[in-house]
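Remarks on the overall topology
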2 protein chains.
Amino acid sequence: MLRAEWVESRKKFKNKSQMYLAREGIITEEMRYVAKREGLHPEFVRQEVARGRMIIPANINHLHLEPMCIGINSRVKVNANIGNSGLASDIPTEIEKVRVAIRYGADTIMDLSTGDAIKETREAVIRESTVPVGTVPIYEALKRAKGQVKNMTVDLILDVIEEQAEQGVSYMTIHAGVLREFLPMVQHRVMGIVSRGGAIMAQWMVEHGKQNPLYEHFDKICEIFKKYDVSFSLGDGLRPGAIADASDDAQLAELKVLGELTERAWKHGVQVMVEGPGHVPMDQIEFNMKLQQKICHEAPFYVLGPLVIDVAPGYDHIASAIGAAMAGWYGAAMLCYVTPKEHLGLPNVEDVKQGVIAYKIAAHAADVAKNWPGAREWDLEMSKARFAFDWNRQFELAIDPETARAYHDETLPQEGYKTAKFCSMCGPEFCAYRISQNVSEKMEEVILKDNWIAP
Amino acid sequence: MLRAEWVESRKKFKNKSQMYLAREGIITEEMRYVAKREGLHPEFVRQEVARGRMIIPANINHLHLEPMCIGINSRVKVNANIGNSGLASDIPTEIEKVRVAIRYGADTIMDLSTGDAIKETREAVIRESTVPVGTVPIYEALKRAKGQVKNMTVDLILDVIEEQAEQGVSYMTIHAGVLREFLPMVQHRVMGIVSRGGAIMAQWMVEHGKQNPLYEHFDKICEIFKKYDVSFSLGDGLRPGAIADASDDAQLAELKVLGELTERAWKHGVQVMVEGPGHVPMDQIEFNMKLQQKICHEAPFYVLGPLVIDVAPGYDHIASAIGAAMAGWYGAAMLCYVTPKEHLGLPNVEDVKQGVIAYKIAAHAADVAKNWPGAREWDLEMSKARFAFDWNRQFELAIDPETARAYHDETLPQEGYKTAKFCSMCGPEFCAYRISQNVSEKMEEVILKDNWIAP
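Criteria and cut-off values
Residues numbered from 1 in each chain as written. Chains lettered and ligands numbered in written order. Predicted model: local features only at pLDDT ≥ 70, side-chain atom pairs only at ≥ 80, totals over all residues. Heavy atoms only, no water. UniProt positions renumbered as here; feature names shortened; annotations may be inferred. Helix = DSSP H or I, 4+ residues; strand = E, 2+ residues; numbered from the N terminus. Rg over C-alpha atoms; globule rule 2.2 N^0.38 Å. Contact = heavy atoms within 4.5 Å. Areas by Shrake-Rupley, 256 points an atom, 1.4 Å probe, with all protein chains shown as cover. Least-squares fit on C-alpha atoms with pLDDT ≥ 70 in both. Buried area = accessible area lost by both parts, 1.4 Å probe. Salt bridge = Lys/Arg side-chain N within 4 Å of Asp/Glu carboxyl O. Polar contact = N/O pair within 3.5 Å; in protein donor to acceptor, adjacent residues only side chain to side chain. Nonpolar A, V, L, I, M, F, W, Y, C, P; charged D, E, K, R; others polar. Buried < 20%, exposed > 50% of the residue type's maximum accessible area, 1.4 Å probe, protein only. Expected span 1.5 Å × (residues − 1). Pairing = 2+ DSSP bridges. Axes fitted to C-alpha atoms, helices over the stretch in contact; angles between N-to-C directions. Domains from an automatic or database assignment. Phe/Tyr/Trp six-rings, centres within 6.5 Å; stacked < 30°, edge-to-face > 60°. Core = buried A, V, L, I, M, F, W, Y, C linked by side-chain atoms within 4.5 Å. Right-handed = clockwise from strand over helix to strand, strands pointing away. Parallel < 35°, antiparallel > 145°, perpendicular 65-115°, else oblique. Left-handed = near helix turned anticlockwise from the far one by under 90°.

Chain A goes by Phosphomethylpyrimidine synthase in an unreviewed UniProt entry, where it is assigned to Hydrogenobacter hydrogenophilus. As stated in UniProt under Sequence similarities (unreviewed entry), the record for chain A gives "Belongs to the ThiC family." On record in UniProt, under Catalytic activity (unreviewed entry), the comment for chain A is "5-amino-1-(5-phospho-beta-D-ribosyl)imidazole + S-adenosyl-L-methionine = 4-amino-2-methyl-5-(phosphooxymethyl)pyrimidine + CO + 5'-deoxyadenosine + formate + L-methionine + 3 H(+)".

Things to note about the overall build of chain A
Along the backbone of chain A there are 20 helices and 10 strands. Radius of gyration (C-alpha) of chain A: 24 Å, near the 23 Å computed for a compact globule of 455 residues. A separation of at least 24 residues holds for 72% of the contacts in chain A among residues at least 6 apart in sequence. Of the accessible surface of chain A, which amounts to about 15400 Å², a share of 50% is contributed by carbon and sulfur atoms.

Quick look at the relation of the copies chain B and chain A
For the pair chain B and chain A, the best superposition has an RMSD of 0.0 Å and corresponds to a rotation of 180° with a translation of 0.0 Å parallel to the axis. The superposition operator between the copies reduces to a two-fold rotation axis. Judged by C-alpha distance, I322(B) is the residue of chain B that lies nearest the rotation axis, at 2.3 Å. A shared binding surface is used by both copies, with 100% of the interface residues of chain B retained as interface residues in chain A.

A word on the interface of chain B and chain A
Accessible area lost during the coming together of the parts is what is often quoted as the interface size. Contact residues are listed per partner, giving 120 residues for chain B and 120 residues for chain A. Between chain B and chain A lies a buried interface of about 10000 Å² when both sides are counted; carbon and sulfur atoms form 71% of it. Three residues, L87(B), Y315(B) and F430(B), lead the burial of chain B against chain A; their summed loss comes to 8% of the area buried on that side. Linking chain B with chain A are 8 salt bridges. Of the charged contacts, one joins E429(A) and K143(B) as a salt bridge, the two residues approaching to 3.6 Å between their closest N and O atoms. Linking chain B to chain A there are 25 residue pairs in polar contact (both at pLDDT 80 or more). The biggest single contributor to the side of chain B that touches chain A is helix α16 (residues 349–369) of chain B, with 11 residues. Taken together, the residues of the side of chain B that touches chain A sort by class into 73 nonpolar, 27 polar and 20 charged.

Focus: the pattern of salt bridges
All names here are of chain A. On inspection of all chains with the given rule, the structure shows 61 salt bridges over all chains. The partner of D248 in a salt bridge is R189, with the nearest N and O atoms 2.7 Å apart. Of the two residues, D248 is situated in the loop between β7 (231–234) and α13 (249–267) and R189 in the loop between α9 (183–186) and α10 (196–208); the sequence distance between them amounts to 59 residues. The exposure class assigned to R189 is buried, which follows from its relative accessible area of 8%. A cluster of three or more residues bridged by salt bridges with shared partners is formed by E48, R51, R53 and E298.

Things to note about the UniProt feature "binding site: [4Fe-4S] cluster" (unreviewed entry) in chain A
Annotation from UniProt places "binding site: [4Fe-4S] cluster" (unreviewed entry) at C423(A), C426(A) and C431(A). For C426(A), the contacting residues outside a window of four places in its chain are C431(A), S85(B), G86(B), T114(B) and R196(B). Mapped onto the elements of the fold, C431(A) is located in the loop between α19 (401–410) and α20 (432–450). In contact with C431(A), not counting residues within four places along its chain, are F389(A), K421(A), F422(A) and C426(A).

Overview of helix α8 (residues 154–167) of chain B
Residues and elements named next belong to chain B. Taking 1.5 Å of rise per residue, the 14 residues of α8 would be expected to cover 20 Å, and the 20 Å separating its terminal C-alpha atoms lies within 8% of that figure. When we look at burial in α8, the residues that qualify are L156, I157, L158, V160, I161, Q164, A165 and Q167. Those residues of α8 that are buried are in contact with α6 (118–128), β5 (133–135), α7 (137–144), β6 (171–174), α11 (213–216) and α12 (218–228). Of the residues one or two after α8, G168 is the one with positive phi, at around 115°.

Details of the sheet that holds strand β8 (residues 272–276) of chain A
Residue and element names in this part refer to chain A. Strand order in the closed barrel formed by 8 strands is β3-β4-β5-β6-β7-β8-β9-β10, and the pairing between neighbours is parallel. Strand-to-strand twist across the sheet, computed as the mean angle between neighbouring axes with direction ignored, equals 25°. Pairing of strand β3 (residues 77–82) with strand β10 (residues 334–336) involves 3 bridges; the strand directions are parallel. Residue pairing for β10: N79 is matched across the bridge by C336. Against the sheet, helix α5 (residues 91–103) contacts β3 and β4 (108–111), and its axis sits at roughly 165° relative to β3.

Remarks on the domain arrangement of chain A
All names here are of chain A. Parsing chain A into structural domains produces domain 1 (75–370) and domain 2 (375–449). On a C-alpha basis, the centres of domain 1 and domain 2 stand 41 Å from each other. Counting each side, the surface lost to burial between domain 1 and domain 2 is near 710 Å², with a carbon and sulfur contribution of 61%. Per-residue buried area on domain 1 facing domain 2 is highest for Y104, H364 and V368; these three make up 56% of the total on that side. The residue R103 makes a salt bridge to E402 at a minimum N-O spacing of 3.1 Å. Here the side of domain 1 that touches domain 2 gets 8 residues from one element, more than from any other, and that element is helix α16 (residues 349–369). Taken together, the residues that form the side of domain 1 that touches domain 2 break down as 5 nonpolar, 1 polar and 4 charged.

Some thoughts on the packing of aromatic side chains
Residue and element names in this part refer to chain B. For the structure shown, the criterion picks out 22 aromatic pairs over all chains. Ring centres of W329 and Y330 lie 4.8 Å apart, and the angle between their planes is 20°; this geometry places the pair in the stacked category. Residue classification places Y330 among the buried residues on the basis of a relative accessible area of 8%. Considering the side-chain rings of F389 and Y433, the 5.7 Å spacing of their centres and the 45° angle between planes classify their relative orientation as tilted. Placement of F389 in the loop between α17 (375–387) and α18 (391–397) and of Y433 in helix α20 (residues 432–450) is noted, with a sequence separation of 44 residues between them.

Focus on the nonpolar core
A general tendency of soluble globular proteins is for nonpolar side chains to be buried together. Within the largest apolar cluster, 335 residues are counted, with the highest numbers of intra-cluster contacts made by F232(A) and F232(B). For F232(A), the residues in contact, after removing those within four places along its chain, are M172(A), I174(A), F218(A), I221(A), C222(A), F225(A), A265(A), V270(A), Q271(A), V272(A) and M273(A).

Remarks on the pairing of strand β7 (residues 231–234) of chain B
Residue and element names in this part refer to chain B. Residues S231 and S233 line one face of β7 and the alternating positions F232 and L234 line the opposite face, and both faces are buried. With 4 bridges joining them, β6 and β7 adopt parallel strand pairing. If you follow I174 over to β7, its bridge partner there is L234.

Looking at the pairing of β7(A)
All names here are of chain A. Where β7 meets β8, 3 bridges bridge the pair, whose relative direction is parallel. Bridging from a neighbouring strand, L234 pairs with V274 of β8. Traced from β7 through α13 to β8, the parallel crossover comes out right-handed.

Considerations on the sheet that holds β7(B)
Residues and elements named next belong to chain B. Strand order in the closed barrel formed by 8 strands is β3-β4-β5-β6-β7-β8-β9-β10, with parallel pairing between adjacent strands. On average, each strand axis in the sheet is tilted by 25° relative to the strand beside it, whichever way the strands run. As paired elements, strand β8 (residues 272–276) and strand β9 (residues 301–304) share 3 bridges and run parallel to each other. For G276, the partnering residue across the bridge sits in β9 and is V303. Its contacts with the sheet place α12 against β6 and β7, and it is angled at close to 140° to β7.

Points about the packing of helix α5 (residues 91–103) of chain B against α16(B)
Residues and elements named next belong to chain B. α16 packs onto α5 with a crossing angle of 25° between their chain directions and a minimal axis gap of 9 Å. Taken together, the axis directions place α5 and α16 in an arrangement best described as roughly parallel. Where α5 crosses over α16, the two elements pack in a sense that is right-handed. The segment α5 lies against α16, with T93, E96, K97, V100 and A101 engaging V349, V352, K353 and V356. Class assignment for the residues of the contact of α5 with α16 results in 5 nonpolar, 1 polar and 3 charged.

Brief notes about the side chain of R3(B)
All names here are of chain B. Mapped onto the secondary structure, R3 falls in helix α1 (residues 3–8). Taking relative accessible area as the criterion, R3 reaches 2% and is therefore assigned buried. Among the polar contacts made by the side chain of R3, one reaches the main-chain carbonyl oxygen of A58 at a distance of 2.9 Å. In terms of polar contacts, R3 uses its side chain to reach the backbone carbonyl oxygen of N59, at 3.1 Å. Once residues within four sequence positions are removed from consideration, R3 is found in contact with E30, A58, N59, I60, H62, L63, L65 and P67.

Now the structure itself:
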């Protein structure tokens, strides 16, 4: 991969976005790279990007990034949120989170730092990361306004966006759909606004007595994004934070605006994905996915979970993996992970690992359900290795090889048992695979002898 | 609860089963107890039990059992499998598993011991358990035949069933649907037969050259079950053990027989639930649930997972909780848990805890999706406590209070922060709830002042 050269060769274009180039009929090297990764035809990738149904978030200044795509016609992707808070973590810890997230298969990383050294942390994260890095620039803007929303000017916001874009951020959450007129709808909610960006923008509108500046100055943001090929991640500032608030007026009113903004960004030739909930009971997931596809013209949907219940703090990676798997199956293009610490505290390195693994499971389950080419082959390989008692191959194929091996070995202290044709679950006598294989051998004889055919 | 008296009062009936009594028009005390627990009318419970759509597995000799029900018109239930193997565990460990399983919400327990002291282990398990205990009697039968299938006679099998019934087992897995003529269908599978009971019965048929004895002597088993009110759990000996084998001929051929056996047991007035897969991709779950409901005349469906992918050893409680939640939503009545050790070894106490919790999440998610009366109220209470920063109430409402509290507290070493109106995720400055609440207060003024109404 010679991404520096690829970027260099496109110097002449003022609009650097993959969407613009795709519309010009150009198959970029990033598109070819993505096509190879996904097993798609490069021209198909170009068409999808031109159409807005797929994005390739690849800032021209993040040169060691390995291009990937997000879209309904590709593998379902996983994002891992990292970042410090005012109360916890430092740069080395955040870098360790990046490593662990990528190791277990995160497709993108968002640095959501709100604590100290936001800029330096992001710089280190981008340096470390081979996957696209996303941010929520409003956090740094508020931090630079010393936590005072009333000091957060439009110019400050735009400056922060431009600086982050120059630094190599590939997509940014922009909460431009939280309009002033939607705030009364939130008053009736159980959980109000649970999106940090959404809450900050609401406070801004109330304190300034004006419309959402990200909405008002949306075209200016598009102009910045064009220069570096930053993709929009249109933030769902009014996403539900409770089962009770799911699919309510506030959420759907915002979604409609996100649909309008998608078209506005596309007019600029800027890539867009749209963020989604949150907390959604299972019976509302399909409806939510289909609605977004319709309202946002099939722009990739990037959902947070969703959690299908509210009562599992400490296990929200599981409660949300259920919703995420279903969302992916019904068309969400990327799943933002939730860690076991959700609702309780800032995730540590182990939480990041647990979150990414739960979401790799969800994303792969969605690919399998969609029968995405190649998806079921992985499971087939595992099943073959399992039935053949090829333990090493099973561990190799596992999402988390070390844990699988450790669990297997810990219950088999006996000499020579670690590679045996059974495990401690049943022991040799009661192993169904062994019995089944013996039966199968005998059946071959029986079938031949008796000319035995199934009814 | 005076179950000894309830049972005593029904001495005169030769058939002790709840189904028989329900059909006689009798609302038993167990039905009343269940009705109270579920928020149903006792007459409705009686009708459901009479119809076979609900079972109350309550052996007349397990007197300290708290009656519960399994059926499509009640809360989705969770079963936890425990039991030793030839390679691991002992009675004290198994009793600890029973305690932990019940503590985190298992509705029934299956003792699947295949190692030493099977009878003594079961005795201890039943003594400890306040929930119905299920077994697979063929395991003990094979053990008593010294592991030799050819020595496993029909009389031995029936003796074991009767002894276990007398001991107080409330439901037994009987693999009567694995017919001789289905074995050739298994030859084409990736994973053959993965059910221990199914594999043992297949071996029996091949070695004895005869039809499945559990099928041939099904009526005799019914006669035993009547005496103690044991429910059938019609085993799916040919359940798929891999995504690649899901919904294949062998599985569906067996299901048809289970439908016939359901009717046969019902003729005896014996309660029945039907076991189901196993490994099923998400796109086949709804179809599988609906098919069972049709073929088995709405007898409760008791599913194992299903796992929606095969590649997550070490995390199969998560991979299967996704399938289980969906299965519950589509009508499965009870979800058999899968632990993190699945496919790797015998679960220990911690694995039992993790498995039960993952499945409480799945079962509650199903109840929420079905909008089962009262289900969403739990989530509503949690969401209110969350928005109010009432941490103690949140922990109280959590599926695992200790873990939730520990996760919250570990990242807040600062004095006085443990009950603060923020957590370490965002800190006070970036807490969306706090900002949202401030905005909400101001909005009340703004709305009044400006007569501001949402569009």
